[in-house]
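The residues making up each chain are set out below.
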Amino acid sequence: MLSRVASHLYWLSRYIERAENMARILDVGQSLSLLAQSDNEAQTALEPLVITDHLAEFHATGKVATHENVARYLTWEVEQASSIVNCIEAARENARAVRGSITSEMWECINDVWLQLGQKRQAGHDPINTEFYDWIKQCSHLIRGITFATIRRDQPYHFIRLGTFIERADNTARILSVKQSANATSPSVGASTNGDRSAEGEDYYSLSAVLRSVSALEAYRDTYKDSIDARRVAELLIFHPTLPRSLRFCYDEIAQLLDQLPDGPSRVPRRLAAMMKARLTYGHVDEAYEIGLLDFLEGFLKENVHLGEALQTAYLELK
Amino acid sequence: LKPNGPLEGVFDEMLQADGRPREHYAAYQDWLAGTTADAMHAKRAEADLIFRRLGITFSVYGEEGGTERLIPSDVVPRIISGQEWTTLEKGLAQRVLAINRFLHDIYHDQNILKAGLIPPDQIFGNDQFQVAMVGIDLPFKTYAHIVGVDIVRHSDGDFYVLEDNLRVPSGVSYMLSNRKMMMRLFPDLFRRHAVRPVEHYPSLLLQTLQGATEVNNPNVVLLTPGRFNSAYFEHTFLAQQMGIELVEGQDLFVQGGFVFMRTTSGPQKVDVIYRRLDDSFIDPLAFRADSMLGVPGLLSAYRLGRVVIANAIGTGVADDKSIYPYVPEMVRFYLGEEPILKNVPTWICRNADDLKHVLAHLPELVVKEVHGAGGYGMLVGPTSTKAEIEDFRQVLLSNPSNYIAQPTLALSSCPTFVEEGVAPRHIDLRPFVLVGKDIRMVPGGLTRVALRKGSLVVNSSQGGGTKDTWVVD
């Protein structure tokens, strides 16, 4: 297939995944803001910006850091490349550029989402509520489902899936690192998982928010059948082999997808993916804590970016 | 619903002068009588919604926000009788064959010039004549593989060819989308009529492109200027329907005289390029150096015969207004036949006799610049003031060879669903002709309609719409 087409497909799915992740982060952020924890409202309001690395850009707008302003900024701001509205726009533009290479059902669905988003915006009350974020998530599920159900298991599919998992791994690692660092700064956590009562309450909400934002709350209960603690949350989201948003799961998929791409230029991305997969398959949460969870996650994020670049060089760039 | 009566002095496709329907419209009129304006409104709203959902749009430049617009698709079909189509089909095949012979001749022996039928400076002074094509042998001597011929019906009831589009004719995707939409909206109508199918056009097009090269199992691609081009929907649509790659200039490169596309498995050779890009943009080394859309070195590979380009480079010389009047001569000269389709009578002002006639009849005529387009630098006699006509007379006299003149045509009308109900609006017809080892076309073509009352302008950029076109038996 054409390199340009592969590139459009890869970015199409990355943008859809990014829009979904943004919706997840903002939705959970909002529900947390409803809890009576007024003392660090400014802190929690900024969290979506910290996770997605857009804090400086937000400050540059001169807006006050309220939950509402942040949500509006990350959902509807056209100047913000990663805002949901821009992600959907970019996904649709990428789809339009290759509408001959995706199924007509996929194109119609993506186009429809884009049209509906335009209508929601035109209505004049740019929504930032749970209903809206649920809709975005459902759109993403729908597009993924239609893709799964209609496209041949061929290169276009592989590039679409690679985009999804590289973006998703990035997102899970970011959420975990920000939430964990927030917890690490509060004195109770790290020392003991059974610290004093009030801190435990805060942790509970914060950690369950992490889990909910990656659809893993039920998985946690099923797996541990115990109260929520930071180390287990990290273990689940990094090393769990069957949880669809864990780093391990993402890299199992990525390695498998890379194996199906044409051989010629594949050496570098395959090697990178295999090394990361090995680390996640044979690693342990205790080792991650020995290195320091933040360092571990930062290392992972860097390598995930490297893999994206290697993929770009090997397949997607016009030489 | 009942269609409003025919316009004075205009041929109506549906109604005879006495208001009764023509035979091939009788069944439709019956059906129309049994439907209501509300039902038609609902159908049209449904059609608009579906067109928008499917993204069947054309791009408009320089418009904030709404850069993608729908081409209005009318819900009343344009119906052509099978008998009339048979004549049109024969006439089109004949005309397009003669034009291809002409193009081969003009880039080789130039017999038609030697025979004195066309003044040589009409050819050599033409911007569209590509010197680079002289002496180049093309497979099967085919130059114009895909031709869109603009046809109108005059008040005398006869068809006239208005223009031969030999470069990158577009609109066929609307023909196919209109049919799909009509079948979806009005299945009962299709049960009442034996409408000849058009859905196999992409398959015919693919066969034509595959057959345009001597290479076995050729790699055919569609070259688009990209998604900002107004016809981008059509490019993606056709590529998908044919199952071929849709490429942009940046996807192709020339190496060792061959053309390749960049793929995830490395370079892959390209044999046939169905290009939707004008000559001047196709190769920055040979034509416009500022073109970012083309492929450097493509012309040299083409001249070596390593790749087929459809349509060929240099076909534009035959669809120029200054060459148009000679097409009937081409039919006689190359085929030894009388032309089946009429040209609009054209006076060539460089001829003293023609000029005399034109000068004597300026208020009745349309006078056009030979290389002009888009209504620029022309005189429409009937709608001009005396002073304008006298001014134009001086301009014309100062350089007669720059002008041709034609009678003002009354385009036929067809009932169309508009504000006032079902009322007559002016239409034209663009059938698409495919040239391979034989000449093929699907029945009908794209009917364009001027939706504004009294307007003769059918262009989509100026309030024009389209209609599904039925050939019925």
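Not measured: the values here are computed from a predicted model.

**Student:** Just to check I follow, could you spell out the nonpolar core for this structure?
**Tutor:** Among the nonpolar cores identified, the biggest contains 170 residues, and A:Ile238, B:Phe102 and B:Met330 are the most heavily contacted of them. Counting residues per element, this core draws most heavily on helix 1 (residues 3-33) of chain A, at 12 residues. If we ignore the near neighbours within four places in the chain, the residues touching B:Met330 are B:Ala98, B:Phe102, B:Ile112, B:Ile118, B:Ile323 and B:Leu335. Core analysis: the next-biggest nonpolar cluster, separate from the first, contains 63 residues, B:Leu15, B:Leu54, B:Leu189 and B:Leu206 among them.

**Student:** Explain empty space enclosed by the protein to me, please; I cannot follow it from the model alone.
**Tutor:** The method is simple in principle: a probe with the dimensions of a water molecule rolls over the atoms, and the space it marks as empty is what remains. Overall, the coordinates contain seven cavities of 30 Å³ or more when judged by the stated rule. Quantified by volume, the largest cavity comes out at close to 80 Å³. In terms of lining, the largest cavity is formed by A:Ile25, A:Val28, A:Gly29, A:Leu32, A:Glu47, A:Pro48, A:Ile51, A:Ile175, A:Lys179, A:Ala209, A:Val210 and A:Ser213. Every element with two or more residues in the lining of the largest cavity is listed here: helix 1, helix 2 (41-51), helix 8 (155-185) and helix 9 (197-213) of chain A. Here the lining of the largest cavity takes four residues from helix 1 of chain A, the largest share from any one element. Looking at the lining of the largest cavity, its residues break down into eight nonpolar, two polar and two charged. Within this model, the second largest cavity holds a volume of roughly 60 Å³. B:Pro139, B:Phe140, B:Thr142, B:His145, B:Thr208, B:Gly211, B:Ala212, B:Val435, B:Gly436 and B:Lys437 are the residues that line the second largest cavity.

**Student:** Any chance you could explain the pattern of salt bridges here in plain terms?
**Tutor:** As a working rule, side chains carrying opposite charge can pair if their charged atoms are close by. All names here are of chain A. On inspection of all chains with the given rule, the structure shows 52 salt bridges over all chains. Close ionic contact of Lys137 with Asp27 constitutes a salt bridge, the shortest N to O distance being 3.8 Å. One end of the pair, Lys137, is in helix 7 (residues 130-150); the other, Asp27, is in helix 1, with 110 residues separating them in the sequence. Counted as one network, the salt bridges with shared partners bring together Glu17, Glu20, Arg24, Arg144, Arg168 and Arg245.

**Student:** Just to check I follow, could you spell out the packing of aromatic side chains for this structure?
**Tutor:** For any pair of aromatic rings, the description consists of the separation of the ring centres together with the inter-plane angle of the planes. A complete count under the given rule lists 25 aromatic pairs over all chains for this structure. Ring geometry for A:Trp11 versus A:Tyr15: centroids 6.0 Å apart, planes at 45°, classification tilted. One end of the pair is A:Trp11 and the other is A:Tyr15, both in helix 1 and four residues apart, which spans about a single turn. Centre to centre, the rings of B:Phe333 and B:Tyr334 are 4.9 Å apart; their planes meet at 85°, and the pair counts as edge-to-face. Relative accessible area serves as the criterion here: at 31%, B:Phe333 is assigned to the partly exposed category. Chaining the aromatic ring pairs together yields one cluster made of A:Trp76, A:Phe132, A:Tyr133 and A:Trp135. Between the NZ or CZ atom of A:Arg153 and the centre of the ring of A:Tyr157, over which it lies, the distance is 4.1 Å. Sitting over the face of the ring of B:Phe140, B:Lys437 holds its NZ or CZ atom 5.1 Å from the ring centroid.

**Student:** Could you clarify how one ought to interpret the sheet that holds strand 8 (residues 252-255) of chain B in this entry?
**Tutor:** The strands that make up a sheet pair up through hydrogen bonds in the backbone, lying either parallel or antiparallel. Residues and elements named next belong to chain B. Pairing is antiparallel across the open sheet formed by three strands, whose spatial order is 8-9-10. Each having just a single partner strand, strand 8 and strand 10 (266-269) make up the two edges of the open sheet. Pairs of neighbouring strands in the sheet enclose a mean axial angle of 45°, with direction left out of account.

**Student:** Looking at this structure, how should I read the interface of chain B and chain A?
**Tutor:** The figure often quoted for interface size is the accessible area lost as the parts come together. Between chain B and chain A, the contact holds 22 residues from the first and 29 residues from the second. Note on chain B versus chain A: buried area summed over both sides is about 2,300 Å², and carbon and sulfur give 43% of it. Of all residues in chain B, B:Arg53, B:Arg227 and B:Thr264 bury the most surface against chain A, accounting for 31% of the area lost on that side. Taken together, the links from chain B to chain A amount to four salt bridges.

**Student:** Would you explain the environment of B:Glu68 in this entry?
**Tutor:** Turning to its location among the elements, B:Glu68 is positioned in strand 2 (residues 68-69). When the C-alpha atoms of B:Glu68 and B:Ile56 are compared, they prove to be 9.1 Å apart, with 12 residues separating the residues in sequence. For B:Glu68, the residues in contact, after removing those within four places along its chain, are A:Arg92, A:Arg96, B:Arg52, B:Thr57 and B:Phe58.

About the cut-offs
Residues numbered from 1 in each chain as written. Chains lettered and ligands numbered in written order. Predicted model: local features only at pLDDT ≥ 70, side-chain atom pairs only at ≥ 80, totals over all residues. Heavy atoms only, no water. Core = buried A, V, L, I, M, F, W, Y, C linked by side-chain atoms within 4.5 Å. Buried < 20%, exposed > 50% of the residue type's maximum accessible area, 1.4 Å probe, protein only. Helix = DSSP H or I, 4+ residues; strand = E, 2+ residues; numbered from the N terminus. Contact = heavy atoms within 4.5 Å. 1 Å grid on protein atoms, 1.4 Å probe; cavity = no way out; pocket = protein on both sides within 12 Å on 5 of 7 lines; lining within 4 Å. Points joined across faces, edges and corners; volume = space filled by probe spheres on them. Nonpolar A, V, L, I, M, F, W, Y, C, P; charged D, E, K, R; others polar. Salt bridge = Lys/Arg side-chain N within 4 Å of Asp/Glu carboxyl O. Phe/Tyr/Trp six-rings, centres within 6.5 Å; stacked < 30°, edge-to-face > 60°. Lys NZ or Arg CZ within 6 Å of the ring centre and 35° of its normal. Pairing = 2+ DSSP bridges. Axes fitted to C-alpha atoms, helices over the stretch in contact; angles between N-to-C directions. Buried area = accessible area lost by both parts, 1.4 Å probe.

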